[in-house]
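# Residue-level structural notes
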Amino acid sequence: MEHNKLGVAIHGVGQVADAHAASWLKNPHCKIVSVSSRRKESAQRLVDKFELDAAVHDDFAEVLRDDRVDVVNLSGPNHVHAEQGIAAAAAGKHILIEKPMCISMEENRALRDAVARAGVKSVVGFVLRWNPLFENLKSLLADGAIGELFYTEVDYWHGISPTWYGGWQWAHTKKTGGSTMLLAGCHAVDAIRWLSGDEVVEVTAYSNNTKGHFEYDANVVAVLKFKGGGIGKTSTLLDCEMPYAFNIDLAGTEGTLRDNRIWSKKLFPGQTDWTTMSTVNPDSGDVHHHPFDAEVNHLVDCIREDRKSHCNIADSYRTHEVCMAIDQSIAEGGRPVKLPLE
């Protein structure tokens, strides 16, 4: 490998793979050595677009047999993530895996356990953890700017239509897309866990399906109870008619954070109106708006420094578990579901 660079294999070449490839190319410690997809011609298009010196495959097993590959970037449809992640771990490859990393609790457990056995490094695609607003909010919470957090609310509202969404064919079905929470709402659930620093111990959820585009209910709301005594709420609306929105409300004993607005007399004595942070907000569904550079750099640093990621498969197991508990509550008519599910 050139100057001991990490060899990267991109498997699955949908829209997000382009953004991933651009980020891998910016890291000086990496080289993309393989691109693969179910259709070889699709993989070749990505290779040609970025003018890569990389092998092209339509067989994932061939990719895993390649000794030059140190890291696999799994960016195919939802239903193949877990199976491919388990195979990659068994082959001793580090993993960057898109969300959702699984679409059932059986897959969730199997993937978590396979990665633990193999001892490989992993990062799951909850890329908003590196969004600048998130970084600001985490710092404010850690510094006690709003006191003790007692209410956490995060919503993902993004109208998804078969007329424009490139992944529609697999995303809208239960078998390959999973559910509203797994397809999209997992971003909001992960944000709730990350920002609150607490774990959900009970959920109660309801849903509806106004347009009928999805096999599963497109619109979900859930009330959350936390281990530390806090309460919260999350909702995901895929039928909404509006621009993309990722709503964040964090209420504490000494102040409140609402998206990029701060109410904290501890920080701003005599404050008479919201103080606004001028920063990059999570206000677009465009994958090229997401901080993939920081996500990729983080995984590379974890591999080179032999340390675990805060966004690895073991941690993301909990995010997926909450999503599945919400789905279970919906399936049981809004019955409260306790966590953990094991």
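Residues numbered from 1 in each chain as written. Predicted model: local features only at pLDDT ≥ 70, side-chain atom pairs only at ≥ 80, totals over all residues. Heavy atoms only, no water.

### Let's talk about the layout of surface pockets
- Space inside the largest pocket adds up to approximately 1,300 Å³.
- Along its surface, the largest pocket is lined by 46 residues, and Gln15, Val16, Tyr165, Gly167 and Trp170 are the ones closest to its centre.
- Elements that contribute at least two residues to the lining of the largest pocket include exactly α1 (15-26), α2 (40-50), α4 (81-90), α7 (168-171) and α8 (180-196).
- With four residues, α4 is the single largest residue contributor to the lining of the largest pocket.
- Residues belonging to the lining of the largest pocket are distributed by class as follows: 19 nonpolar, 20 polar and seven charged. (1 Å grid on protein atoms, 1.4 Å probe; cavity = no way out; pocket = protein on both sides within 12 Å on 5 of 7 lines; lining within 4 Å. Points joined across faces, edges and corners; volume = space filled by probe spheres on them. Helix = DSSP H or I, 4+ residues; strand = E, 2+ residues; numbered from the N terminus. Nonpolar A, V, L, I, M, F, W, Y, C, P; charged D, E, K, R; others polar.)

### With respect to empty space enclosed by the protein
- This model, assessed by the stated rule, comprises one cavity of 30 Å³ or more.
- As for the largest cavity, its lining consists of Phe126, Val127, Leu128, Arg129, Phe134, His187, Asp190 and Ala191.
- Per-element accounting of the lining of the largest cavity gives the leading share, three residues, to α8.
- In the lining of the largest cavity, the residues fall into five nonpolar, one polar and two charged.

### Looking at the pattern of salt bridges
- This model, assessed by the stated rule, comprises 20 salt bridges.
- With a closest N to O distance of 2.7 Å, Asp315 and Arg129 form a salt bridge. With Asp315 in helix α10 (residues 313-331) and Arg129 in the loop between β6 (122-124) and α6 (132-142), the pair connects residues that are 186 residues apart, well separated along the chain.
- Overall, the relative accessible area of 5% leaves Arg129 in the buried class.
- Residues participating in the shared-partner salt-bridge network are Arg129, Asp190, Arg193, Glu199 and Asp315. (Salt bridge = Lys/Arg side-chain N within 4 Å of Asp/Glu carboxyl O. Buried < 20%, exposed > 50% of the residue type's maximum accessible area, 1.4 Å probe, protein only.)

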